[in-house]
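One letter stands for each residue in the lines below.
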Amino acid sequence: MLQNLGFSPSPSLRFGVIFSAFFCILCFFLSHVQCAAADNSNSSVQNQTASIEVSSNPRVVFSDIEEATHDGPARGWSVIAWGGVPTKYAIKTIKLPSPASGSVQVFSIIARGSGNAELAHAFAAKFGRRYSFRARARAPNGAVTATFALQGTRGYQYFGSTTVTLGRKWQDIYVEGRSPFADQAANIKLMLTQSANPVELAGGSLREVNLPPLTYSNSLLSVPPTFFGMTINKLGFHNNWPGLHTGVIRLWDTGTRWMDLEPAPNEWDFKRADYYVKYARQHNADIIFTLGQTPSWAAKYPHAACTYGSGCSQPSDLRLWRAYVRKLVERYGAQVRYWELWNEPDYSGFWRGSPEMLADMAKIASEEIHARNLNSVLIGPAITPRGINFLDRFLSHPQSKYLQYISFHYYINENKISDLLPILDNVRSVIRGHEIGDIPIWITEFGINCPQRPASCAKSTKEEQTAELNILKAIFLSAAKGVKNMSFYNWERRLPQAPISLSEPNYLSLSPVGQEYAKVVNLLSGSVISKSYIEKGVYFILLRKNKKNFVVMWPEFGDAIVKLPTNWRFRSLEAIPYGDLGDLKNGTLKVPNSAIVVGLL
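Quick notes on the rules
Residues numbered from 1 in each chain as written. Predicted model: local features only at pLDDT ≥ 70, side-chain atom pairs only at ≥ 80, totals over all residues. Heavy atoms only, no water. Salt bridge = Lys/Arg side-chain N within 4 Å of Asp/Glu carboxyl O. Helix = DSSP H or I, 4+ residues; strand = E, 2+ residues; numbered from the N terminus. Buried < 20%, exposed > 50% of the residue type's maximum accessible area, 1.4 Å probe, protein only. Disulfide = S-S within 2.5 Å. pLDDT = per-residue confidence, 0-100. Contact = heavy atoms within 4.5 Å. Pairing = 2+ DSSP bridges. 1 Å grid on protein atoms, 1.4 Å probe; cavity = no way out; pocket = protein on both sides within 12 Å on 5 of 7 lines; lining within 4 Å. Points joined across faces, edges and corners; volume = space filled by probe spheres on them. Nonpolar A, V, L, I, M, F, W, Y, C, P; charged D, E, K, R; others polar. Phe/Tyr/Trp six-rings, centres within 6.5 Å; stacked < 30°, edge-to-face > 60°. Lys NZ or Arg CZ within 6 Å of the ring centre and 35° of its normal.

### Some words on the pattern of salt bridges
Between side chains of opposite charge, a pair can form when the charged atoms approach closely.
Alright, step 1. For the coordinates displayed, the defined rule picks out 29 salt bridges.
Alright, step 2. Across the pair Lys-189 and Glu-118 runs a salt bridge whose closest N-O atoms are separated by 2.9 Å. Here Glu-118 lies in strand β7 (residues 116-125) and Lys-189 lies in strand β12 (residues 184-192), a separation of 71 residues in the sequence.
Alright, step 3. With relative accessibility at 4%, the residue Glu-118 sits in the buried group.
Alright, step 4. When the shortest N-O distance is used, the salt bridge between Glu-368 and Arg-372 registers 3.3 Å. In this pair, Glu-368 and Arg-372 are both assigned in helix α6 (residues 355-372), 4 residues apart and thus about one turn of the helix distant.

Next comes the structure, spelled out in structure tokens:
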């Protein structure tokens, strides 16, 4: 086991560490990037397939609007409209009068139909590349709320979004995002939430930057006690504790939704919630209490088609929402620290209201929670990876400031985790666009879905091993990107679309997957990550725990032969969960694609 391995640095290693520290301090004043690159100048990787070629020089995809005057959009732009009842819009391009140069596009929604109309410019998005769009915009006739977004055409998933309120003065527009998909067609879009008032768009340039999603970083990242979380659905059927350094229990699909607790006005049933709160406290774990799912009697749309009854409807009166939150906090305020605002509100099966309404509800929840416990934390809005635009609109509302942590959910689909780092980057980009600062990010629900599309979800041993490996990689990558919580869904899960379970059918013993998961948990829990980067398709994460230094590495595609830095002298090497490492010869090591290699220096 890793925790039983010792560490005793050689004199040459101690000298190397001292020299490296001195060198990096000097480099800090010269160039962060040069320092990071110099520290790893002795390593190289031979890999048959590199993931992303690295280049810091941006490529101009398109730039500016031609100087012209005509009806319709500028060259390269178009209006995308849909809906059974057409949306009426107006679009024209006007050349700017002298001494200005260039043109502006004037776009407005005259009457909204059953769908919408959006101004768009198509481009080819490549996997993993970062795109940045810059323009200037104004609303000459009065305030207009406008969203500028990057959207892929495959699944129409957003990967960049910024929502602004335009006035009569010109404003600089900037939106960025990293494409998390395979190469595909995409659009930069201008979307209006109001009718009548036109928007003028000047310039408009899109640039592509080819940088890896995990860059050289010397920032120290501590893995907190909250990092390892768990959803436990069948408590009562069993009373087992999963172990695994579980610091947080999330209440969802646990019989603790609003509709479960208050099925009729002022008729409360706290049996399940009491049971979970007592259970968590007995094991010194914190709780994420997920708020929401409106009972039918309190719903504005009681007959809405939702995943759970009428739960996706917004409350008919926000005073009912306030009373619900107040009741919970009066009962559990001293025992529950983390409260989560809703579950996956970007999915219509869980929420039919607007992002702006949910932000209003965040203010109410914060007022009630902090009136009784100043140490409580409001988390949300628990979006899916498809919710980048929802998160942007939510954060553009003034009441979103009451949210203290940002949460989202991530599932490994079709046995691929290549989208995880771009999604994390895009969440950060949206947060950065609203100037919130370094707000903590929690992944309050993560797991794996069926790696194949057929309904049978039948799997070979190889596919199951890949699924298991991807779970472990996702944990390492999230920690390396500074995520503060990853709550696994769930301890007992044994559904056909999620065949990987951490527990045996007795819900007590660790399954083979759970045993490998435990190795990663034991290594990461309480550790400090000192550096993480990708070099020619191989991931490297350097961490320190209990005065011991570890290197974690794996190739993205195919086996790799890695030439190690001269100061990396391994006392032991282990492959998790599978793989033949071969011998360490002449400073080179075979890193198999079937494993994560953990080396103790």
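And the narrative resumes.
### Some points on the environment of Phe-540
Alright, step 1. If you trace the backbone, Phe-540 turns up in strand β24 (residues 538-545).
Alright, step 2. C-alpha separation for the pair Phe-540 and Val-597, spaced 57 residues apart in sequence, amounts to 9.7 Å.

### Some words on unusual backbone geometry
Alright, step 1. Following Tyr-489, the chain continues into Asn-490 via a peptide bond in cis, with omega recorded as -10°.
Alright, step 2. The residue Asn-490 is located in the loop between β22 (485-489) and α10 (512-524) in this model.
Alright, step 3. With omega at -5°, the peptide bond leading from Ile-576 into Pro-577 counts as cis.
Alright, step 4. One can find Pro-577 in strand β27 (residues 572-577).
Alright, step 5. Positive phi values are uncommon outside glycine, yet Asn-284 reaches one of about 55°.
Alright, step 6. With respect to the element layout, Asn-284 can be found in the loop between α4 (271-282) and β17 (286-291).
Alright, step 7. On the accessibility criterion, Asn-284 (72% relative accessible area) is exposed.

### Brief notes about the state of the cysteines
Alright, step 1. Per the stated rule, a full pass over the model turns up 1 disulfide.
Alright, step 2. Across the disulfide from Cys-306 sits Cys-312; the S-S distance is 1.9 Å. Taking the torsion about the S-S bond as the criterion, the Cys-306 to Cys-312 disulfide, at about -60°, is left-handed.
Alright, step 3. You can call Cys-306 buried: its relative accessible area is 17%.

### Comments concerning the confidence of the model for the chain
Alright, step 1. Confidence in the prediction for the chain averages 86 pLDDT; 86% of positions are at 70 or higher.
Alright, step 2. Contacts for the low-pLDDT stretch residues 1-55, under 50 throughout, to residues beyond four places or in other chains number 86 contacts.

### Some thoughts on the side chain of Ser-179
Alright, step 1. Looking at where Ser-179 falls in the secondary structure, it is placed in the loop between β11 (171-178) and β12.
Alright, step 2. What Ser-179 contacts, discounting residues up to four positions off in sequence, is Ala-125, Lys-126, Phe-127, Gly-128, Arg-129, Tyr-131, Phe-159 and Pro-422.

### Observations regarding the environment of Gly-514
Alright, step 1. As for its position among the elements, Gly-514 is in helix α10.
Alright, step 2. Classification of Gly-514 as buried rests on a relative accessible area of 0%.
Alright, step 3. With 23 residues separating them along the chain, Gly-514 and Trp-491 place their C-alpha atoms 9.6 Å apart.
Alright, step 4. Look past the residues within four positions of Gly-514 in its chain and what remains in contact with it is Leu-244, Ser-501 and Leu-502.

### Describing the pairing of strand β5 (residues 88-95)
Alright, step 1. Direction of pairing for strand β3 (residues 70-71) relative to β5: antiparallel, over a ladder of 2 bridges. Each bridged residue has a counterpart across the sheet, and for His-70 the counterpart in β5 is Thr-93.
Alright, step 2. As judged from the 8 bridges shared by β5 and strand β6 (residues 103-111), these two strands associate in the antiparallel manner. The residue bridging Ile-94 from the neighbouring strand is Val-104, located in β6.

### Side note on empty space enclosed by the protein
Alright, step 1. The tally for this structure, following the rule as stated, stands at 1 cavity of 30 Å³ or more.
Alright, step 2. Leu-221, Ser-222, Val-223, Pro-224, Phe-227, Ala-479, Gly-482, Val-483 and Lys-484 together form the lining of the largest cavity.
Alright, step 3. In terms of residue class, the lining of the largest cavity is built from 6 nonpolar, 2 polar and 1 charged.

### Details of the sheet that holds strand β29 (residues 595-600)
Alright, step 1. The strand order β14-β23-β24-β25-β29-β27 describes an open sheet built from 6 strands, whose pairing is antiparallel. Looking at the sheet topology across the chains shown, the edges are occupied by β14 (221-222) and β27.

### What about the packing of aromatic side chains?
Alright, step 1. The final tally for this structure, using the stated rule, is 32 aromatic pairs.
Alright, step 2. Ring geometry for Tyr-89 and Phe-107: centres 6.3 Å apart, planes at 50°, overall tilted. Pair noted here: Tyr-89 is in strand β5 and Phe-107 is in strand β6, with a separation of 18 residues, a long-range link.
Alright, step 3. On the basis of an interplanar angle of 85° and a centroid distance of 5.7 Å, the ring pair of Trp-252 and Phe-350 is categorised as edge-to-face. Remark: Phe-350 occurs in the loop between β18 (338-341) and α6 and Trp-252 occurs in the loop between β16 (248-251) and α3 (258-261); sequence separation between them is 98 residues.
Alright, step 4. When its relative accessible area of 3% is taken as the criterion, Trp-252 is described as buried.
Alright, step 5. The exposure class of Phe-350 is buried, given its relative accessible area of 8%.
Alright, step 6. Grouping aromatic residues by their ring pairs yields a cluster made of Trp-258, Trp-321, Tyr-324, Trp-342 and Trp-351.
Alright, step 7. The positively charged end of Arg-257 is found above the aromatic ring belonging to Trp-252, 6.0 Å away from the centroid.
Alright, step 8. A cation sits over an aromatic face here: Arg-257 above Tyr-308, 4.0 Å from the ring centre.

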